[in-house]
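A closer look at the structure
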Amino acid sequence: MGAMDGSQSSGSREGGNPMEVACYIISGFLLFLFILHSAFELHYFLRMFLCVFVARFKRRVGILTPTSVYGMCITTDIDTLLYHMNNARYLRELDFARVDFYERSGLYRKIREKGGAVVQGAATIRYRRFLRPFTLYKITSKVVYWDDKSVFMEHRFITPKDDFIRAIAVCRQRIIKANAEDVMRELILAGEDTGKKGVSPAPGGSPTGVVANGNANTNGNANVMEAGVIQRPPVPLEIAKWIESNEISSANLRNGC
């Protein structure tokens, strides 16, 4: 009996206590999450995945049709003064707004079909009035211009309660290994603009007249279809000045300034 008891005791120690094993598994999992969270910004990747997933179930829109997404200024968004959204958060939120636009308009799929990729080449933002904690806002996104290398998008942070534009941003999406004008032309000709494939919305807040090759357009909308041929829309004045500013900056950097 004594030998048998000793054998059973030894077997129990080798097998381990189930509670002890569970503690080891849980501790290992928590350690894994800690390392993963330390090495990567999990919240960003999880939210990006969620935005892409949700966008695929939303109504498809044309490439020239604006889209909207909603957000709220929460405690992780505020700055050290604790009473408004951190300035850097605005540009971060635009990543999620853009991916919604890319998925719903088919822009990203078309770029990938052509073997290309897209990166952000430049961005500028103007803050008009801050967003307080727990304020609901929406971000509108739309294409306002393009050339053979880039697509220019305008984003607005708007508070629905008063319809006030809290901030406005312009971003240059650089198309790599594909022609941006070809991408836009195919999306428009595919009839993806829900019956308005020949009209580009005028950038709100910009002057009524827009400039193209020195000529003013005063109709408020840029007609991109002419005699059945897709024409690049006139460049809005503020976009033209911004492009010029970027080109001056690039020239200065090339010259070592």
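An account of the accompanying structure is given in this report. None of the values given here were measured: they were computed from a predicted structure.

Turning next to the packing of aromatic side chains. Under the criterion given, the structure shown has 11 aromatic pairs. Ring geometry for Tyr-102 versus Tyr-108: centroids 6.4 Å apart, planes at 15°, classification stacked. Between Tyr-145 and Phe-152, the aromatic rings sit 5.7 Å apart at their centres with planes inclined by 40°, giving tilted as the arrangement. Residue class for Phe-152 comes out buried when judged on its relative accessible area of 0%. Among the aromatic residues, those joined into a ring-pair cluster are Tyr-90, Tyr-127, Tyr-137 and Phe-157. Positioned above the aromatic ring of Phe-164, the side-chain terminus of Arg-129 is 3.9 Å from the ring centre.

By secondary structure assignment, the location of Glu-93 is in helix H4 (residues 87-105). For Glu-93, a relative accessible area of 3% translates into the label buried. With sequence-adjacent residues up to four places away left out, Glu-93 is seen in contact with Arg-47, Tyr-137, Ile-139 and Phe-157.

Attention now moves to helix H7 (residues 237-254). The end-to-end C-alpha distance of H7, which contains 18 residues, comes to 26 Å, matching closely the 26 Å that a straight helix rising 1.5 Å per residue would cover. Three or more residues of H7 are buried, namely Ile-239, Trp-242 and Ile-243. An end-on view of H7 places all buried positions within 100° of arc, on one side of the element. Close packing links the buried residues of H7 with strand S2 (117-127), strand S3 (136-146), strand S4 (150-159) and strand S5 (164-176). In the stretch just after H7, Gly-256 is the one whose phi turns positive, near 80°.

What follows deals with the pattern of salt bridges. This structure, assessed with the given rule, holds 16 salt bridges. The partner of Glu-41 in a salt bridge is Arg-92, and the shortest N-O contact between them spans 2.7 Å. One end of the pair, Glu-41, is in the loop between helix H2 (18-39) and helix H3 (42-55); the other, Arg-92, is in helix H4, and 51 residues separate them in sequence. What makes Arg-92 buried here is its relative accessible area of 14%. With its nearest N and O atoms 3.8 Å apart, the salt bridge here joins Asp-147 to Arg-172. Placement of the pair is Asp-147 in the loop between S3 and S4 and Arg-172 in strand S5, with a sequence separation of 25 residues. We classify Asp-147 as buried; its relative accessible area is 13%.

Below, the discussion takes up the sheet that holds S3. Spatially, S1-S3-S4-S5-S2 is the arrangement adopted by the five strands of the open sheet, whose pairing is antiparallel. At either margin of the open sheet sits one strand with a lone partner, and together these are strand S1 (67-72) and S2. Sheet twist, expressed as the average angle between the axes of neighbouring strands with direction ignored, equals 25°. Relative to S3, helix H6 (residues 180-189) is tilted by about 110°, and along the sheet it contacts S3, S4 and S5.

The subject of this paragraph is the packing of H3 against H4. Packed helices, taken two at a time, are described by the angle their axes make and the gap between the axes. Their axes nearest at 8 Å, the elements H3 and H4 cross at an angle of 25°. Classed by the angle they form, the pair H3 and H4 counts as roughly parallel. Handedness of the crossing formed by H3 with H4: right-handed. On the side of H3, the interface is formed by His-43, Tyr-44, Arg-47, Met-48, Cys-51, Val-52 and Ala-55, while H4 contributes Arg-92, Glu-93, Asp-95, Phe-96, Val-99, Asp-100, Glu-103 and Arg-104. Among the residues forming the contact of H3 with H4, the class breakdown is seven nonpolar, one polar and seven charged.

Conventions we followed
- Here, residues in each chain are numbered from 1, in the same order as that chain's written sequence.
- Local features are withheld for residues below a pLDDT of 70 in this predicted model, meaning they are given only at 70 or higher, and side-chain atom pairs are given and counted only at 80 or more; totals for whole chains, interfaces and linings count all residues.
- Excluding hydrogens and water, the side-chain values take into account all heavy atoms of the structure.
- Paired rings are identified among Phe, Tyr and Trp, the last through its six-membered ring, by centres lying within 6.5 Å, and are further divided according to the angle between planes into stacked (under 30 degrees), edge-to-face (over 60) and tilted (the rest).
- Only protein chains enter the calculation, and the probe is 1.4 Å; a residue is then buried if its accessible area is under 20% of its type maximum, exposed if over 50%, and partly exposed in between.
- Over a ring means this: the NZ of a Lys or the CZ of an Arg is within 6 Å of the ring centre and within 35 degrees of the ring normal.
- Numbering of helices and strands starts at the N terminus; helices are DSSP runs of H or I of at least 4 residues and strands are runs of E of at least 2.
- We call two residues in contact whenever any of their non-hydrogen atoms come within 4.5 Å of each other.
- Helices are assigned an expected span. That span is 1.5 Å times one less than the residue count.
- For this quantity, the arc is that covered by the directions from the helix axis to the C-beta atoms.
- By definition here, a salt bridge exists when the distance from a side-chain nitrogen of Lys or Arg to a carboxyl oxygen of Asp or Glu is within 4 Å.
- Two strands qualify as a pair provided DSSP detects at least 2 bridges between them.
- In this description, a line fitted to the C-alpha atoms serves as the axis of each element, helices being fitted only across the stretch in contact, and the angle between N-to-C directions of two axes falls anywhere from 0 to 180 degrees.
- With respect to orientation, any angle under 35 degrees is reported as roughly parallel, any angle over 145 as roughly antiparallel, any angle of 65 to 115 as roughly perpendicular, and every other angle as oblique.
- What makes a crossing left-handed is the near helix being turned counterclockwise from the far one by less than a right angle; a clockwise turn instead makes it right-handed.
- In this count, Pro and Cys sit with the nonpolar residues alongside Ala, Val, Leu, Ile, Met, Phe, Trp and Tyr, while Asp, Glu, Lys and Arg are called charged and the others, Gly among them, polar.

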